[in-house]
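Given next are the chains, with one letter for each unit.
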Amino acid sequence: MGSTCAMKMNAFALIILLSVISSPLFAQTCNNQINPSTPDDRFHENQNGTVTDNLTGLQWAHCSLGQIFEKGECRGEAHHLPWAIVSLVIEKGWRLPEIAELNTLVELHCIKPAINVTIFPNTLPAAYWSASRFINKDGDYWQVNFFHGESTSEPADTAAYVRLVRDGP
């Protein structure tokens, strides 16, 4: 009976240790010695699940495709889709951003994710599709990986996330 209790205590201690060790792996990290590249005041909250970038004039969805903006948070699970499927699920009036447009959202002083999480809450530190073809390889499209903010190309049958955009008013 004593060994069962000790095993339970060891398992509980291991769970606590793993949660403490792994939690920083999923938390955004920012270098406060670098000025933010996408400060909050650059964006206008439209109160309808969108924000307007005052610098570019573009209107962005607060949330990744598949999520719902509710009470200041993006709730639900973001869709992880191949590029070719994305065009079938985009709502009227929205589009995939060009790679240059998507790159304007990269927050240069943060990683995991490299985006302003106040404006774009619950953004995954992962790859997001752009509409831009990669001209050096047929069937590849540019992505921005918001883990570090780098741009890469991937085949269209690879799954990635989506942040929709539309031209401003």
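Residues numbered from 1 in each chain as written. Predicted model: local features only at pLDDT ≥ 70, side-chain atom pairs only at ≥ 80, totals over all residues. Heavy atoms only, no water.

**Student:** Quick question: what am I supposed to make of the packing of aromatic side chains here?
**Tutor:** Within a pair of aromatic rings, the relevant descriptors are the distance that separates the centres and the angle that separates the planes. Scanning the entire structure with this criterion turns up 5 aromatic pairs. Here the aromatic rings of Phe43 and Phe120 are separated by 5.6 Å at their centres, their planes lie at 85 degrees, and the arrangement is edge-to-face. Residue Phe43 is found in strand S2 (residues 43–45), and its partner Phe120 is found in the loop between strand S8 (110–111) and strand S9 (127–133); the two are separated by 77 residues along the sequence. Take Phe43 and Phe120: they sit in the same class, and that class is buried. Between the aromatic rings of Trp83 and Tyr141, the centroid separation amounts to 3.7 Å while the plane-to-plane angle is 15 degrees, which identifies the pairing as stacked. Of this pair, Trp83 sits in helix H2 (residues 83–89) while Tyr141 is found in strand S10 (residues 140–145), placing the two residues 58 residues apart along the sequence. In terms of burial, Trp83 and Tyr141 fall into one category: buried. Grouping aromatic residues by their ring pairs yields a cluster made of Tyr128, Phe146 and Tyr161. (Phe/Tyr/Trp six-rings, centres within 6.5 Å; stacked < 30°, edge-to-face > 60°. Helix = DSSP H or I, 4+ residues; strand = E, 2+ residues; numbered from the N terminus. Buried < 20%, exposed > 50% of the residue type's maximum accessible area, 1.4 Å probe, protein only.)

**Student:** Would you mind going over the pattern of salt bridges with me for this structure?
**Tutor:** Two side chains of opposite charge can pair, provided their charged atoms sit close to one another. For the structure on display, the rule yields 4 salt bridges. Here Asp167 ties to Arg95 by a salt bridge, and the two come within 2.9 Å at their closest N and O atoms. A residue pair is termed long-range when its members are at least 10 positions apart, and Asp167 in the segment after strand S13 (165–166) and Arg95 in the loop between H2 and helix H3 (99–103) qualify at 72 residues. By relative accessible area, which is 55% here, Asp167 ends up exposed. Assessed through its relative accessible area of 24%, Arg95 is described here as partly exposed. One network of salt bridges, with partners in common, ties together Arg95, Glu101 and Asp167. (Salt bridge = Lys/Arg side-chain N within 4 Å of Asp/Glu carboxyl O.)

**Student:** Before we go on, may I ask you to explain the sheet that holds S9 in this structure?
**Tutor:** One open sheet holds the 3 strands; their spatial order is S9-S10-S11, and the pairing between them is antiparallel. On the outer flanks of this sheet lie S9 and strand S11 (150–155), each paired with one strand and no other. Looking at each pair of strands side by side, their axes are set apart by 35 degrees on average, direction ignored. Pairing geometry for S10 and S11, over 6 bridges, is antiparallel. (Pairing = 2+ DSSP bridges. Axes fitted to C-alpha atoms, helices over the stretch in contact; angles between N-to-C directions.)

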